[in-house]
Structures are given as structure tokens and as C-alpha cells.
Amino acid sequence: MGKTVFYYEDTVFCPYCKDDVFDGDSQDGDIKTVTCARCGGEFEYEIEVQYSYHIFGLKPGKKPKLNNPVKKKIVLENYEGKHIEEVDAEEVVIPGFEEIKLFLYINNWTWVVSEESTGMCVCSGNSRGDVKEKAERVLKHFGKEEAIKIIAQQPKISESAQVV
Ligand SMILES: [Zn+2]
């Protein structure tokens, strides 16, 4: 065995004489053994396929929009601690869970469901329908009594930090 040489490149060449090797049709993970046509050196190479994408916008998507927005408060937590923010929101009722006051708001392109008394996030998702479904799943998972109990155990938004 000769000296071990190792290259990680985007073209194939003989590691001994650096002659270029034509790499025909190949698939990710293929391993090929080559005898160099120029120097007679032998080597092996493994193909790693990498993709890149050119992206062209064809039609702008729709920014999510709330129906009849009202102001609600949410609690945000970061390294500085908790703070309250006022957001545009839409009231949402999950059938069977009418006692639990939930609202939707939009954070950038994401839909979020929060609970009113605590200002805490219940779930987030890609559309109004998506978050409503997730919120319903969360509530059904706990059941009404348990969900109400859990919410009651959390600090009330009125006891949280100042509005910024
Ligand atoms: Zn060679």
C-alpha cells in the first residue's frame, strides 16, 4: 500500500499527479476506484451530493390577518425575565371549553394561541385552523377540569411584570 492521501474537494483528481478525472453519472454515496490514466496511481473516491437552490418568487403569499382585532396582553419570557406586551388579538372559543378564555395573535407569520388570565402561550402554528386544532388537542388531552386547574395554578398576568 502506498501513502494515504486524503482530499475533500468539489472535483475529482488523481491525488498523486493531480490529473483531473471525469466523473460521469453518479449518486450520493457511490464509491469508485480509479487507476489514473496519466500516472497509474490508484485511488478511491466517495461521492457526496450537495444540493443548492435558486429560488424565484412567482406570487406573493398572504400575510396572516386577524378578524375583528382586540387588544390583549401576553407574557414574554427572556433572559431578562418576564415582561408583558400588548398585542392585536382575536378571541377564540374551543367548543366544550368555553370557560377557558383563549385568544389568537400573530407573531410575524406565525399564529399563536394564548390564555387570557395568564397571558401564556398555549401553542403556535401555521394557520388559524392549525393553531385552533392544536389548542383543542392540548385542552382535550388534559380535560376541562384539569385544564382549568392548571391555568389557575399559573401566575396571573396581573401579577406579572410591567407592560412595556
Ligand atoms: Zn495520476
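With that settled, the discussion passes to the sheet that holds strand β7 (residues 121–125). Pairing is antiparallel across the open sheet formed by five strands, whose spatial order is β3-β4-β5-β6-β7. Here the strands that pair on one side only, and so sit at the sheet edges, are β3 (70–78) and β7. Within this sheet the neighbouring strands show an average axis-to-axis angle of 40°, counted without direction. In terms of strand pairing, strand β6 (residues 110–115) meets β7 through four bridges, oriented antiparallel. Note on β7: the bridge partner recorded for valine 113 is cysteine 123. Its contacts with the sheet place helix α1 (residues 128–142) against β4 (81–92), β5 (102–107), β6 and β7, and it is angled at close to 140° to β7.

Moving on, we get to the domain arrangement of the protein chain. In terms of domains, the protein chain is made up of domain 1 (12–46) and domain 2 (70–160). Each of domain 1 and domain 2 was reduced to a C-alpha centroid, and the two centroids are 59 Å apart.

Time to look at the nonpolar core. Of all hydrophobic cores here, the largest spans 19 residues; its most connected members are Leu102, Leu104, Tyr105, Val112, Val113, Val131 and Ala135. The set of elements that each furnish at least two residues to this core consists of β3, β4, β5, β6 and α1. Examining the composition of this core, we find that five residues originate from one element, β5, more than from any other. Once you skip the residues sitting within four places of it in the chain, valine 131 turns out to touch Leu104, Trp111, Val112, Val113, Cys123, Ser124 and Gly125.

Tracing the chain through its elements places serine 124 in strand β7. Residues serine 124 and glutamate 44, spaced 80 residues apart in sequence, show a C-alpha to C-alpha distance of 49 Å. When sequence neighbours within four positions are dropped, the list of residues in contact with serine 124 reads Thr110, Trp111, Val112 and Val131.

You can see isoleucine 31 is positioned in strand β1 (residues 31–35). Since 9 C-beta atoms lie within 10 Å of it, isoleucine 31 is described here as exposed. Isoleucine 31 sits 15 residues away from glutamate 46 along the chain, and the two C-alpha atoms are 4.3 Å apart. Ignoring anything within four residues of it in the chain, the contact list for isoleucine 31 reads Glu44 and Glu46.

Looking now at the pairing of β6. Every other side chain in a regular strand lies on the same face of the sheet, so the side chains alternate between the two faces. The element β6 is largely enclosed, with a buried count of five among its six residues. Inspection of the sheet shows β5 paired to β6 by six bridges, in the antiparallel sense. Each bridged residue has a counterpart across the sheet, and for leucine 102 the counterpart in β6 is glutamate 115. Between the antiparallel neighbours β5 and β6 lie two residues, among them asparagine 108 with a positive phi of about 65°.

Parameters and conventions
Residues numbered from 1 in each chain as written. Predicted model: local features only at pLDDT ≥ 70, side-chain atom pairs only at ≥ 80, totals over all residues. Pairing = 2+ DSSP bridges. Helix = DSSP H or I, 4+ residues; strand = E, 2+ residues; numbered from the N terminus. Axes fitted to C-alpha atoms, helices over the stretch in contact; angles between N-to-C directions. Contact = placed C-beta atoms within 7 Å. Domains from an automatic or database assignment. Core = buried A, V, L, I, M, F, W, Y, C linked by C-beta atoms within 7 Å. Buried ≥ 20, exposed ≤ 12 C-beta atoms within 10 Å, placed from the backbone.

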